[in-house]
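A structural walkthrough
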Amino acid sequence: MMSFEMNDRKKIGLGLTGFGVFFSFLGIIFFFDKGLIAMGNILFISGVALTIGLKSSLQFFMKRSNYKGTISFGVGFFFVVIGWPILGMILEAYGFVVLFSGFWPTLAVFLQKIPILGWIFQQPFVRSFFDRYRGKRVPV
């Protein structure tokens, strides 16, 4: 069984990913500020690369089934940089959902085990929605 070792590189990667999400959120709050959104994107991508490793992240983004999400995220980042942040964020959001849709089953199990919030996700009508996606493999 493989254990999840939390070394310094992964800690820094998780921190960069968190700062990337935070700066992107600030960019949206400040009326789609392209500088903050671009900085958030760079921090997010570098954080993911440090967390799971450069080879694994390249394999993840260049996988044939993830081409649509990778291209959409890249084109969205390009639109943010050239000054069209709203269109860029729409494309990035679509790319993010396509790229990380394989992680929803893992997220569903995690949400159901949270002490107070998990009660909501264990209700029959919500659980039936999550059970449709359970059993699929995580894409990394």
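Residues numbered from 1 in each chain as written. Predicted model: local features only at pLDDT ≥ 70, side-chain atom pairs only at ≥ 80, totals over all residues. Heavy atoms only, no water.

1. Details of the overall build of the chain
Check the secondary structure of the chain and you find eight helices and zero strands. Reading the secondary structure of the chain in the N-to-C direction produces α-α-α-α-α-α-α-α. The principal-axis extent of the C-alpha atoms belonging to the chain is close to 45 × 35 × 30 Å. A burial count over the chain gives 32% of its 140 residues as buried. Looking at the chain alone, contacts between residues at least 24 apart form 54% of all its contacts between residues at least 6 apart. Carbon together with sulfur atoms contributes 74% to the accessible area of the chain, which is approximately 9500 Å² in total. Computed over 14 positive and 5 negative side-chain charges, the separation of the two mean positions in the chain equals 11 Å. (Helix = DSSP H or I, 4+ residues; strand = E, 2+ residues; numbered from the N terminus. Buried < 20%, exposed > 50% of the residue type's maximum accessible area, 1.4 Å probe, protein only. Contact = heavy atoms within 4.5 Å. Areas by Shrake-Rupley, 256 points an atom, 1.4 Å probe, with all protein chains shown as cover. Lys, Arg positive; Asp, Glu negative; His and termini not counted. Charge placed at Lys NZ, Arg CZ, Asp CG, Glu CD.)

2. Observations regarding the environment of serine 101
Structurally, the position occupied by serine 101 is in the loop between helix H5 (85-99) and helix H6 (104-112). Remark: the alpha-carbon pair of serine 101 and glycine 27, spanning 74 residues in sequence, is separated by 24 Å.

3. Description of the UniProt feature "transmembrane region" (unreviewed entry) in the chain
Taken from the UniProt record, the annotation "transmembrane region" (unreviewed entry) applies to residues 12-32, 38-58 and 70-87. With 89% helix and 0% strand, the stretch residues 70-87 has end C-alpha atoms that lie 16 Å from each other. (UniProt positions renumbered as here; feature names shortened; annotations may be inferred.)

4. Considering the nonpolar core
Formed by Phe44, Val48, Phe60, Phe61, Phe73, Leu99 and Phe100, the largest nonpolar core amounts to seven residues. Among all residues touching phenylalanine 61, those that are not within four sequence positions of it are Ile45, Val48, Asn66, Tyr67, Thr70 and Leu99. (Core = buried A, V, L, I, M, F, W, Y, C linked by side-chain atoms within 4.5 Å.)

5. Considerations on the packing of helix H2 (residues 34-52) against helix H4 (residues 67-82)
For the pair H2 and H4, interaxial distance at closest approach is 9 Å and the crossing angle is 145°. When the axes of H2 and H4 are compared, the crossing they make is left-handed. Contact with H2, carried on its side by Lys34, Ile37, Ala38, Asn41, Ile42 and Ile45, involves Phe73, Phe77, Val80 and Val81 of H4 and no other residues of that element. Considered class by class, the residues forming the contact of H2 with H4 number eight nonpolar, one polar and one charged. (Axes fitted to C-alpha atoms, helices over the stretch in contact; angles between N-to-C directions. Left-handed = near helix turned anticlockwise from the far one by under 90°. Nonpolar A, V, L, I, M, F, W, Y, C, P; charged D, E, K, R; others polar.)

6. With respect to H6
Those residues of H6 lying buried are Pro105, Ala108, Leu111 and Gln112. In an axial view of H6, the angular spread of the buried residues amounts to 125°, which keeps them on one side of the axis. (Arc of directions from axis to C-beta.)

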